[in-house]
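# Examining the three-dimensional arrangement
What follows is the residue order along each chain.
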Protein chains: 2
Amino acid sequence: MALRARALYDFNSENPGEVSVKENEILTLYSEQDIEGWFEGTNSKGERGLFPASYVEILRNDTYPDSRYANVPSGGFDGSYNPQSKQSHAYQQPSQGSDDDWDDEWDDSSTVADEPGTAGGRYHDFEGNGPSTYRVSTASMSRGNAQQAKSSATVSRNLNRFSTFVKSGGEAFVLGEASGFVKDGDKICVVMGQYGPEWQENPYPFTCTIDDPTKQTKFKGMKSYISYKLTPTHTQTQVNRRYKHFDWLYARLVEKFPVISVPHIPEKQATGRFEEDFISKRRKGLIWWMNHMTSHPVLARCDVFQHFLTCSSTDEKAWKQGKRKAEKDDMVGANFFLTISTPAAPLDFQEVESKIDGFKTFTKRMDDSTLQVNTTVNEFARKQISGFKKEYQKVGMSFKILSQAFEMDQQAYSAGLNQAISFTGDVYEAIGEYFAEQPNKDLDPIMDLLAVYQGHLTNYPDIIHVQKGALTKVKESQKHVEEGKMDRAQAEGIKERCNIISCATLAEIQHFHHIRVRDFKAQMQHYLQQQIAFFQKITGKLEEALQKYDNA
Amino acid sequence: MALRARALYDFNSENPGEVSVKENEILTLYSEQDIEGWFEGTNSKGERGLFPASYVEILRNDTYPDSRYANVPSGGFDGSYNPQSKQSHAYQQPSQGSDDDWDDEWDDSSTVADEPGTAGGRYHDFEGNGPSTYRVSTASMSRGNAQQAKSSATVSRNLNRFSTFVKSGGEAFVLGEASGFVKDGDKICVVMGQYGPEWQENPYPFTCTIDDPTKQTKFKGMKSYISYKLTPTHTQTQVNRRYKHFDWLYARLVEKFPVISVPHIPEKQATGRFEEDFISKRRKGLIWWMNHMTSHPVLARCDVFQHFLTCSSTDEKAWKQGKRKAEKDDMVGANFFLTISTPAAPLDFQEVESKIDGFKTFTKRMDDSTLQVNTTVNEFARKQISGFKKEYQKVGMSFKILSQAFEMDQQAYSAGLNQAISFTGDVYEAIGEYFAEQPNKDLDPIMDLLAVYQGHLTNYPDIIHVQKGALTKVKESQKHVEEGKMDRAQAEGIKERCNIISCATLAEIQHFHHIRVRDFKAQMQHYLQQQIAFFQKITGKLEEALQKYDNA
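The rules behind the values
Residues numbered from 1 in each chain as written. Chains lettered and ligands numbered in written order. Predicted model: local features only at pLDDT ≥ 70, side-chain atom pairs only at ≥ 80, totals over all residues. Heavy atoms only, no water. Least-squares fit on C-alpha atoms with pLDDT ≥ 70 in both. Axes fitted to C-alpha atoms, helices over the stretch in contact; angles between N-to-C directions. Helix = DSSP H or I, 4+ residues; strand = E, 2+ residues; numbered from the N terminus. Parallel < 35°, antiparallel > 145°, perpendicular 65-115°, else oblique. Left-handed = near helix turned anticlockwise from the far one by under 90°. Contact = heavy atoms within 4.5 Å. Nonpolar A, V, L, I, M, F, W, Y, C, P; charged D, E, K, R; others polar. Buried area = accessible area lost by both parts, 1.4 Å probe. Salt bridge = Lys/Arg side-chain N within 4 Å of Asp/Glu carboxyl O. Polar contact = N/O pair within 3.5 Å; in protein donor to acceptor, adjacent residues only side chain to side chain. Buried < 20%, exposed > 50% of the residue type's maximum accessible area, 1.4 Å probe, protein only. Domains from an automatic or database assignment. Pairing = 2+ DSSP bridges. Phe/Tyr/Trp six-rings, centres within 6.5 Å; stacked < 30°, edge-to-face > 60°. Lys NZ or Arg CZ within 6 Å of the ring centre and 35° of its normal. pLDDT = per-residue confidence, 0-100.

## Structural notes on the relation of the copies chain A and chain B
The transformation that overlays chain A on chain B combines an axial shift of 0.0 Å with a rotation of 180°, and the residual RMSD is 1.0 Å. Taken together, the rotation angle and the small translation identify this as a two-fold axis. Taking the C-alpha atom as reference, chain A places A:F535 closest to the rotation axis, 3.1 Å from it.

Here it is in structure tokens:
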């Protein structure tokens, strides 16, 4: 019997080799094994091609053909279910292949067309609504889909929202199905702080610089890549890392930490990778990423990140060892929750629910407003670069034309004025340039900041979902107890584990607020300082021009 | 035999009651007497209506039907020709009526549609090419036609250029036909200065302030008018003058001084006359006008201007006496030149011609460039008021929206930042306002300056024409002498009188350059000072915002 699958969502083919499928359409698969997240098969029209593996469920003996839970693991909730195998599958290809696969330069190969922003104009057209360099949250991919998406535009976030609770391991943990041996070094503490649960501070805080990247070659110059020099303050030893290493690390972290908002790494870009603009932009993105990594009490200390930061770039063997260890880490997903120790007093779930709901509303508002700020400053930057510059330069030009007309008068007493007006013209042309250069100094960093936070904001629906899933389980179990379907001890265990998830979630939210206040404060200060310097520079230029008239 | 006339130029009727005429067309007149500068008659197509008197020559016994000098006075060069009657006719109606006519409030009556600039928007539309508040020179009327033009748009400057030489009295003077008794007080000296001929400086220089005008009423409130309070520094006595008094004075000055560039008074405006914007704008225009009047060595000292400045506003009798005296002044037009005394050494006419040609080129270039500056600063002002303001306010608004979103987080440590961001939003909204308010402080004065000079630039073609006409007469007379048609003494007289006109013209040009350098220097300094203050104000606001983050 042919292997069959049912489409869970509509998928519209966008590239050669893909086929479109409709929700509920029955498909024939050639293999149960996906190819980098894609299945090959035939749709009901008989068209043959690729479709995203995550868009379909494989039908085994036609189990659950009409189930609402169509995307639960094919094995159902039986004991053989292993959350880890489900969780990791999306990242299998890029991150768990042999080390030889790392030479497959998917990061470096050119298939994607030029993105806006690399060749000159970075901002929206003055009037139009062209594409933004920073993809905003509505178009962003779910963190869970970040690696699998070949045609990422069709994979929008939260399509699989329900399954997040399952996939993250949250459900398995709440139901008491997670088990593992927690070493002392893996212990993660949530403590009760002034404002509620918070992650225990990192006793050995550090930061890490990312120096200007250099272009490296291998295979006698056949292959080129960009190498970033990282220097963590706690080792003071420089290591070289490539984008694909960041990418691999990111995948490990997402897999390991279900309720931690792992900062997004800057987007991939296929063409123009060696252009200065792009390299500088990616570096800025990586600096932000690194800053959020080292600021996070849990992420900063985790083994895989430390391996990434400290393993010598030249010790191939040590690198592979650490890499394998990370990929075989047991304490991921459901088991991550096993490592968390909470404050003695359990939380009031009603209060937790209210806090989580408040935060949900907050993230929605913050998402909307950062989107608005992003659009506004993007336009503002664009106008400074085009319109403002043009206006000041037109004024400068007209002063120069006036001075040229005045030079027709050869009177000696006219010469000083003519020179002064001509200089004023130069000054206004320079001011035009200042306006055009300024966004790079003040608005771009704001957009970089917003991009980082827009990344976090796309993480939170999933995080909130995990906590809400746990709380639902608590309510269900209470009902089951009342109905006599569950014994009280089992329900109590669910409650305790929900408390762990809630503590972790609230600690993460608290951390988010802390870094948000820190980052936005710093960035607004930076912005205003730059603006002040900008207007002072203009004033200085104008004062220079004014002086020219003293002897005119 | 019907009274006939020949059209000197094309005239296209624009209003009911007018008829079009073609150059050289023979017309039938109903009366030799023009009606406010218009003849009534029939064209060759039999169409009946009005056409400008200055566009035709009356044919007496068909004298000169084909003459190149078709517009010389109808009496030819016989002794009966009185240049004054020709000169004065254009101003007869508005300015030489009885004193009772002054109550005919043509200045105050509403027939003209709203001009742009009174009701809100003063500047060009952001994108469009709407009308400018300042009419620029190409659309300006010739000073000689300022009063006669009923449909002024069709009477463009220099249509009658050839006749300017005649009408101004220049020709009559050069030909030795002017005569009059020059009193000592009427003497006007051209002296040889460092840069060539110049007007002898006013030994008693003064200035005159124009205070905020007040609205006055008469006839028990039936009539309202705006009264300007003038206080000359040499009398320190305030007099009240209305716009029509300025207008009357202007007509006297234009009539009297053929080669002096009388500054234009601000344009008339029928509606919105009592609106603050208009009153303030007219006052600024009158201040400029007054400044140019008191700066001019000849204009500042002339009797009619002194009468205007010093005659008590309450002494009706004295006013009328001075008014009649001015209107009966013999020393106008051709006779004005009689009052001029020149340096002992006559000018080299070749050098004069080259200087005049150079100045002609200069005025053309200056006209073009001031037009360009005017267009540019008008657009710049427009954009600051609309686009720039909008951009800064949008940024301000987006910061405020962000702070409102952040206020959803009730954490204590967030409050300071929220307030600071909200304040920053306010600051950017204020900066938007600053941009909108600024043109009034720095660009408007530049436009006012340009308007004054554009007025002067429309005067110069006529002034140059008079000098060139005189020079042509010299060349003709030399030819006549060579051909034995004129005796040497007569030619010598023409040469001497041409020297007087040339001295006066060059003195006027020199004066123009002096005030130009003075005014443009002062105005550019003022502009830059205002711009510096503007950017400092913005910087101050931003610093205020930055401080809010100190304790955030």
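## As for the packing of helix α10 (residues 412-482) of chain A against helix α11 (residues 488-547) of chain B
Taken N-terminus to C-terminus, the directions of α10(A) and α11(B) make an angle of 30°; their axes are 10 Å apart at the nearest point. Taken together, the axes of α10(A) and α11(B) are roughly parallel relative to one another. When the axes of α10(A) and α11(B) are compared, the crossing they make is left-handed. Residues A:Y413, A:S414, A:L417, A:I421, A:T424 and A:Y428 of α10(A) form the contact with α11(B), whose own contacting residues are B:Q510, B:H513, B:H514, B:R516, B:V517, B:F520, B:K521, B:M524, B:Y527, B:L528 and B:Q531. Looking at the contact of α10(A) with α11(B), its residues break down into nine nonpolar, six polar and two charged.

## Quick notes on the interface of chain A and chain B
Across the contact, 62 residues belong to chain A and 62 residues belong to chain B. Summing the contributions of chain A and of chain B, the shared interface buries around 6400 Å²; its carbon and sulfur component is 72%. Linking chain A to chain B there are six salt bridges. Linking chain A with chain B are 18 residue pairs in polar contact (both at pLDDT 80 or more), by the criterion used here. Only α9 (349-406), α10 and α11 (488-548) of chain A provide two or more residues apiece to the side of chain A that touches chain B. Among the elements that take part in the side of chain A that touches chain B, α9(A) stands out by supplying 24 residues, more than any other. Residues belonging to the side of chain A that touches chain B are distributed by class as follows: 34 nonpolar, 18 polar and ten charged.

## A word on unusual backbone geometry
Excluding glycine, residues mostly have negative phi values, and the peptide bonds linking residues are mostly trans. All names here are of chain A. Of note in the backbone geometry, Q236 takes a positive phi value of approximately 60° without being a glycine. Mapped onto the fold, Q236 is located in the loop between β9 (223-232) and β10 (239-242). On the basis of relative accessible area, Q236 is assigned to the exposed category, the value being 58%.

## Points about the domain arrangement of chain A
Considered domain by domain, chain A is made up of domain 1 (4-59), domain 2 (208-341) and domain 3 (349-550). Placing the centre of domain 1 of chain A and that of domain 2 of chain A at their C-alpha centroids yields a distance of 33 Å.

## Things to note about the environment of A:Q384
Residues and elements named next belong to chain A. Tracing the backbone through its elements, the reader meets Q384 in helix α9. The exposure class of Q384 is buried, given its relative accessible area of 1%. Contacts of Q384, omitting those with residues within four sequence positions, involve K389, F435, A436, Q438, P439 and L443.

## As for the sheet that holds strand β6 (residues 188-193) of chain B
All names here are of chain B. Taking strand neighbours across the sheet as the criterion, the three strands line up as β7-β6-β11 in an open arrangement whose pairing is mixed. Both edges of this open sheet fall to β7 (196-199) and β11 (340-341), since each of them pairs with a single strand only. Inspection of the sheet shows β6 paired to β7 by four bridges, in the antiparallel sense. Paired with V191 across the two strands is E198, which belongs to β7.

## Details of the packing of helix α6 (residues 276-295) of chain B against α11(B)
Residue and element names in this part refer to chain B. Contact geometry for α6 and α11: axes closest at 11 Å, N-to-C directions at 140°. Judged on the interaxial angle alone, α11 and α6 are oblique. Between α6 and α11 lies a crossing whose hand is right-handed. Residues W288, N291, H292 and S295 of α6 lie in contact with α11, whose contacting residues are H511, I515, R518, D519 and Q523.

## Remarks on the pairing of β10(A)
Two elements, β9(A) and β10(A), share four bridges in a ladder whose sense is antiparallel. Each bridged residue has a counterpart across the sheet, and for A:S227 the counterpart in β10(A) is A:R242.

## A look at the environment of B:T231
All names here are of chain B. Assignment of secondary structure puts T231 in strand β9 (residues 223-232). On a C-alpha basis, the gap between T231 and L309 in space is 7.8 Å, while along the polypeptide they are 78 residues apart. Discounting chain neighbours no more than four positions away, the residues touching T231 are T207, C208, T209, D211, Q236, T237 and Q238.

## Comments concerning the packing of aromatic side chains
Per the stated rule, a full pass over the model turns up 68 aromatic pairs over all chains. Ring centres of B:Y392 and B:F435 lie 4.9 Å apart, and the angle between their planes is 20°; this geometry places the pair in the stacked category. Here B:Y392 is found in helix α9 (residues 349-406), whereas its partner B:F435 is found in helix α10 (residues 412-482), with 43 residues between them in sequence. For A:R282, the ring lying beneath its charged end belongs to A:Y243, and the centroid distance is 3.5 Å. One Lys or Arg, B:R516, reaches over the ring of A:F406 and ends 4.3 Å from the middle of that ring.

## Here's the deal with the sheet that holds strand β7 (residues 196-199) of chain A
All names here are of chain A. With respect to topology, three strands assemble into an open sheet ordered β7-β6-β11, the strand pairing being mixed. For this open sheet the edge positions go to β7 and β11 (340-341), each flanked by a neighbour on one side alone. Of the strand pairs in this sheet, strand β6 (residues 188-193) and β11 are connected by two bridges, and their pairing is parallel. Counted as the bridge partner of C189 is S341 from β11. Sheet strands in contact with α11 are β6, β7 and β11, and its direction is about 80° off that of β7.

## A few points about the confidence of the model for chain A
Residue and element names in this part refer to chain A. When pLDDT is averaged across chain A, the result is 80; 79% of the residues are at 70 or more. In the predicted structure, residues 62-122 sits below a pLDDT of 50 and forms 114 contacts with residues beyond four places in sequence or in another chain. Within the model, the stretch residues 124-162 combines pLDDT values under 50 with 102 contacts to residues more than four positions away or in other chains. Both scores are available for the predicted complex, with the pTM at 0.73 and the ipTM at 0.73.

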